[in-house]
Structure formats: structure tokens, C-alpha cells
Amino acid sequence: MRQETVFCPIEYSDKLGRDFCALSKENKETFGQYFTPHEVAGFMASLLEPVDKSTVRILDPGAGSGVLASAAVTALVLKSSGSVRRFHIDLFEIDPSLVNQLESAMGNLRLWCQDRGKILTYRIRIEDFVLSSSSAVGNQPSLIQKPEEYDVVISNPPYFKISKDDSRAVACKSIVHGQPNIYSLFMAIAAALLTKNGQLVFITPRSFASGQYFKAFRSYFFSKVSISRIHQFVSRIDAFNRDSVLQENIITYCKQGISRSNQVVISSSQGRSDLASCSFLKVAESEILDSKNDFVLSLPCEERDLKVLRLVSSWKNRLEKMGLQISTGPVVPFRATTFLSKEKSKASVPLYWIQHIKPMQTQFPLKEFRKQQWLQHTESSEKLLVRNQNMILMRRFSPKEDFRRITVAPFLNGTYKGKFIGLENHLNYIYRSKGMFTNAEMYGLSAFLSSGLFDAYFRILNGNTQVSATELRSTPLPAQKVLIELGELVIKSKAVLHQEIDALVDDMIGNLCEKN
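Because the structure is predicted, anything quoted here is derived from the model rather than measured.

Reading the values: rules and limits
Residues numbered from 1 in each chain as written. Predicted model: local features only at pLDDT ≥ 70, side-chain atom pairs only at ≥ 80, totals over all residues. Heavy atoms only, no water. Helix = DSSP H or I, 4+ residues; strand = E, 2+ residues; numbered from the N terminus. Rg over C-alpha atoms; globule rule 2.2 N^0.38 Å. Buried < 20%, exposed > 50% of the residue type's maximum accessible area, 1.4 Å probe, protein only. Contact = heavy atoms within 4.5 Å. Areas by Shrake-Rupley, 256 points an atom, 1.4 Å probe, with all protein chains shown as cover. Lys, Arg positive; Asp, Glu negative; His and termini not counted. Charge placed at Lys NZ, Arg CZ, Asp CG, Glu CD. Core = buried A, V, L, I, M, F, W, Y, C linked by side-chain atoms within 4.5 Å. Pairing = 2+ DSSP bridges. Right-handed = clockwise from strand over helix to strand, strands pointing away. Salt bridge = Lys/Arg side-chain N within 4 Å of Asp/Glu carboxyl O. Arc of directions from axis to C-beta. Axes fitted to C-alpha atoms, helices over the stretch in contact; angles between N-to-C directions. Parallel < 35°, antiparallel > 145°, perpendicular 65-115°, else oblique. Nonpolar A, V, L, I, M, F, W, Y, C, P; charged D, E, K, R; others polar.

### Notes on the overall build of the chain
Link 1 in the chain: Helix and strand counts for the chain stand at 16 helices and 22 strands.
Link 2 in the chain: A compact globule built from 516 residues would reach a C-alpha radius of gyration of about 24 Å, and the chain, at 26 Å, matches this within 12%.
Link 3 in the chain: Judged by the C-alpha coordinates and their principal axes, the chain covers about 90 × 55 × 40 Å.
Link 4 in the chain: Here the chain holds 516 residues, and 56% of them are scored as buried.
Link 5 in the chain: Restricting to contacts in the chain with at least 6 residues of sequence separation, those with at least 24 account for 77%.
Link 6 in the chain: For the chain, the accessible area works out to roughly 22,800 Å², and carbon and sulfur atoms hold 50% of it.
Link 7 in the chain: Taking the average location of the 64 positive side-chain charges in the chain and that of its 51 negative ones, the two points are 5 Å from each other.

### Re the nonpolar core
Link 1 in the chain: With 90 residues, the main nonpolar core has Phe208, Phe221, Leu297, Ile430, Leu445, Phe448 and Leu449 as its most contacted residues.
Link 2 in the chain: Here this core takes 10 residues from helix α8 (residues 182-192), the largest share from any one element.
Link 3 in the chain: Ignoring any residue separated from it by four or fewer positions in sequence, one finds leucine 297 in contact with Phe208, Ala209, Phe222, Ile227, Ile230, Ile288, Leu289, Ile460 and Leu461.
Link 4 in the chain: In this structure, Val51, Ala63, Met106 and Val201 belong to the second largest nonpolar core, which totals 42 residues.

### As for the pairing of strand β3 (residues 119-125)
Link 1 in the chain: The pairing of strand β2 (residues 86-92) with β3 spans seven bridges and is classified as parallel. Across the sheet, phenylalanine 92 pairs through a bridge with arginine 125, a residue of β3.
Link 2 in the chain: One crossover worth recording links β2 to the parallel β3 by way of helix α5 (residues 99-114), and it is right-handed.

### Describing the pattern of salt bridges
Link 1 in the chain: A complete count under the given rule lists 17 salt bridges for this structure.
Link 2 in the chain: Arginine 57 is the salt-bridge partner of glutamate 148, the closest N and O atoms lying 2.7 Å from each other. A residue pair is termed long-range when its members are at least 10 positions apart, and glutamate 148 in the loop between α6 (129-133) and β4 (150-155) and arginine 57 in strand β1 (residues 55-60) qualify at 91 residues.
Link 3 in the chain: By relative accessible area, which is 22% here, arginine 57 ends up partly exposed.

### So, helix α16 (residues 498-508)
Link 1 in the chain: Here α16 has its buried residues at His498, Ile501, Asp502 and Val505. The buried side chains of α16 occupy one side of the element, clustering within an arc of 100° when seen end-on. Relative to its buried face, α16 has exposed residues pointing more than 90 degrees away, namely Gln499 and Asp507.
Link 2 in the chain: The secondary structure elements touched by the buried residues of α16 are α12 (439-450), α13 (452-461) and α15 (480-493).

### Focus on the packing of helix α1 (residues 9-23) against helix α4 (residues 67-79)
When two helices pack together, their arrangement is captured by the angle between the axes and the distance separating the axes.
Link 1 in the chain: Two elements in contact, α1 and α4, have axes whose closest approach is 8 Å; the angle formed by their N-to-C orientations is 180°. By the angle between their axes, α1 is roughly antiparallel relative to α4. Packed against α1, whose contacting residues are Pro9, Ile10, Ser13 and Asp14, the element α4 presents Val67, Ser70, Ala71 and Thr74 at the interface.
Link 2 in the chain: For the contact of α1 with α4, the residue count by class is four nonpolar, three polar and one charged.

### Side note on unusual backbone geometry
Link 1 in the chain: The omega torsion across phenylalanine 364 and proline 365 is -10°, close enough to zero to call that bond cis.
Link 2 in the chain: Residue placement: proline 365 occurs in the loop between β16 (361-362) and β17 (374-376).
Link 3 in the chain: Phi is positive for asparagine 197, close to 65°, though the residue is something other than glycine.
Link 4 in the chain: When you line up the elements, asparagine 197 lands in strand β5 (residues 194-205).
Link 5 in the chain: Of note in the backbone geometry, phenylalanine 295 takes a positive phi value of approximately 55° without being a glycine.
Link 6 in the chain: Inspection of the secondary structure puts phenylalanine 295 in the loop between β10 (289-290) and β11 (296-297).
Link 7 in the chain: Look at phenylalanine 295 and you get buried, because its relative accessible area is 17%.

### Concerning the sheet that holds strand β6 (residues 225-233)
Link 1 in the chain: The strand order β3-β2-β1-β4-β5-β7-β6-β8-β9 describes an open sheet built from nine strands, whose pairing is mixed. Either end of the sheet is taken by a strand with one partner, and the two such strands are β3 and β9 (279-284). Looking at each pair of strands side by side, their axes are set apart by 15° on average, direction ignored.
Link 2 in the chain: Here two bridges tie β1 to β4, and the two strands are oriented parallel to one another. Of the residues in β4, the one forming a bridge with leucine 59 is valine 153.

Quick look at the structure:
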């Protein structure tokens, strides 16, 4: 007679992970280990649909203590028909010190399955998943073996940046651009390993949804799968609060094959504590996945977001059409130390830092500012200077907790009498290289970029702290005449505060959302 005690598989593997982390805190940073809480694991597994096969093959490419694999099997046993007799799991884990936890979790899961008339087999592979399976994304054939295919892939992969020379980036060079994040390689390979109609569910940062660094990845990933469900955690802390992770996480559930007309369910919750009462939004995949614009993925949370997305996406105006350009401040302080000064002199020009840019206005100089606010104008430093002209100064980085993601300020050419100014590298600036960037245009565009309407659009589109010049070049804008009219109102009313700007923008532009 069997004497073993059988525990709830998800809670048991979660406990094994928590106990492991309490004793091995240094592994968290070394391997990017943030184990999935059992509530989140259960929610991810609940998205899986029944599989009508005698043997269901499951992959967890970053297994940890086995909580996601346990959750997937538990959900599929309860959902699937009687035709499913056997589950097989491949568990990749790079940390050899987790073998005992995985063996214990899988042993318990096997007994749980046995009590329900199912057979469980598993294989623990203590090796690098990316290096072992990179041949699946069309690179050099694997030296170990040809990657196998799976009906279900479920994962909370590690996330950290790797250099383009890293062996994993080289192995996946066809989907790498710039400095990749390791989690995107997991996602791409997993998509390639799915069987026909296979299912994939990942919890990751949302940064892959936009930006140039993930462009090649998105093109590959969305050539393999279609999105069925996305869940957003509004709080950056709650999903992994026991590990003090500050990250904007999403759960992405996809199916093998392409069907851009399918409906996507987008849900959101503050964190794991309110998953059972999350809100829902249904939208066509083609409306949130822009196949004509590098497969940028927009993530609206509610109907208002969807209306904003539809309105802004309908506009045809762009910076380029207005004859405007956007560039990044050329002064990199550690490379220009010879020219920097804390004191003003006859040969110096103002050097604007991110701290000088306030909503709709600049403040220069700043009292008790520790950094150098002046840059010496010499023959050698002139290449670092920007022509003194009408332009919009923009912070390139904004804390996610800020009231607005975008902070911009109009800069009038009469603010300073000299021919040049200095702009530090953490600033972007919008200007007209030929002709005059009029005050009305400048204030109108500044007001729109500062508005709650544009902030909502930017948050739907972008999960990053960096405000990319590349993305802003392709951002739809209201018609030029609308921006000019808005600018004239801003100048006349001397509006600076957010509520003042929002009132003007909503009255002129925002009310159009209600008609969409």
C-alpha cells in the first residue's frame, strides 16, 4: 500500500521555491531567478485550452521549482477529455542546485496524476535552454540534438540584458538587434517549438511590445503565433512583490498559427491579489498588432484607451510632414569634461540637463544644482552645441511613477541671446532645420505632447521608461492647422499646468474620442 502524502502540486512546488530562495538569495541575481507565485501560476495555467491527444507534451524552459509545470498539468488534467492518458514534461533549468526541488515537485505531481488515472513522465535538463534549442529559430544546427516539439509551453523566463557578443545572442542572431533581453530569446524559441495548434503562455516584462531592440524578435514571433489573451499587471510591484521586483509585467497567451482577424481578450488587475476580479476588454488582433509598423503591440486596458488608440491611429500627420526633426542632445558629460563649468563666463553657453525641463516650461539656471550648467564655447566644442532657435525640449527618461510619461517644454530662441546652447544627452529636441518653427506650432505641439490624451496613447503603446526619438518620428499627430490653433490658445491663456493644458486639448481634440 502506498504511504506517500500527496500535496496540492502548485502550492507544494511554490513552497519548495520559496524555501530555496530563502537559502540561496545570491542565485536570484546570478540566474535572473524570480519564481512565479502560485496564484499567478494558477492563473496562467487556467488560460490553457483542453488538448485532445493521448500524450500531451509540455515544456517549461526556465523551470525553477516546477510551479508552472505543476500548474499546467493540474489545469489540463481537470480540463482535458478522457482521451489524454499521459503527460510528458521537459524542464530546463540552468541552476544545478535546483535539481532536488524539481525532483521533489515532479515526484509529488506524478503521484497526484496517478490518483486521477493519468501517467506523468518528465525529464530534467540542467542546461541552457537557449543554447540547446537555438537551431529552432533557423541558426546553426544544434550540436546536442534536434529540438523537440510541444503541445504546451509555459514559462516565466529570466530577464536581463545580454551583449550582442554573448553566445546566446550569437546563437539567435537572426532575431537579435542591439542589446537583447534574454527573455525574448526564450519566447522566440518557444514559439518555434510548438506543434500545430500548440499553446504558449509566458509572463514577461512588456518591453517587447515596442521599440527597435525588439523589432526583429516581434517580426519572427508574430510570424509563428497569434495572440488570444493578454493580461496586464497595472502595479509594477504586486505580481512579484515577495521578490521586490519593480517591473511592468504582462501574461501573453498565444496559439500556433497566424489569424490576424481573431479576437484578443485583454484583461488587467493591480497584481496577483485581485486576479479573480480582473476587468476585460475584447478587441481584434489587427487593431492592437500593427503589422505595417514593425509589429508594434498596443495594450489598451479599457474602452477609453481603445477610443484613444483608434483616434490617434487615424491621424496622418507626422513630424516629418511638418518639416520637423527630432534629435538627441549631443553633450555626453563624461566625454566633455574639459568644456564643462559650474560658473558662467564670456565664452560659455547654457547647458540644459533633464532637471531643467519642467512641464511646459524650462528653469535655468537651477540653484544648488550640483552639475555643471555651463559649457565652454571653443572651436573644439562647437560640434557639441545646438543652434539657438525655437524648439521643444523633451526628457528622454521619465520615472514610471510620474504623473505623465512625457515631459516637454517650449524653448524660445529669445530665451538666451547667444547663437548656441548645450543640450545634455538625456534630452531630445524637436526643431525645424529649414525655415521657422513658429511659436504657435511649438506651443501647440508641446501642449499636445504634454496632454493626458497623448499620455494615454503613449502608455498604451510603450512600456519603457525611455522616450525614443525613433518612436516619436512615427507617432501620429493632429493636423498641423489644429496644432497651430491649439498653440494660439495656449499662448493667449498662458496655460502651463496639466489641468489647463488638458482642458484645452480635450476641448479641441479629446472630445473626438467619444465619437469613435
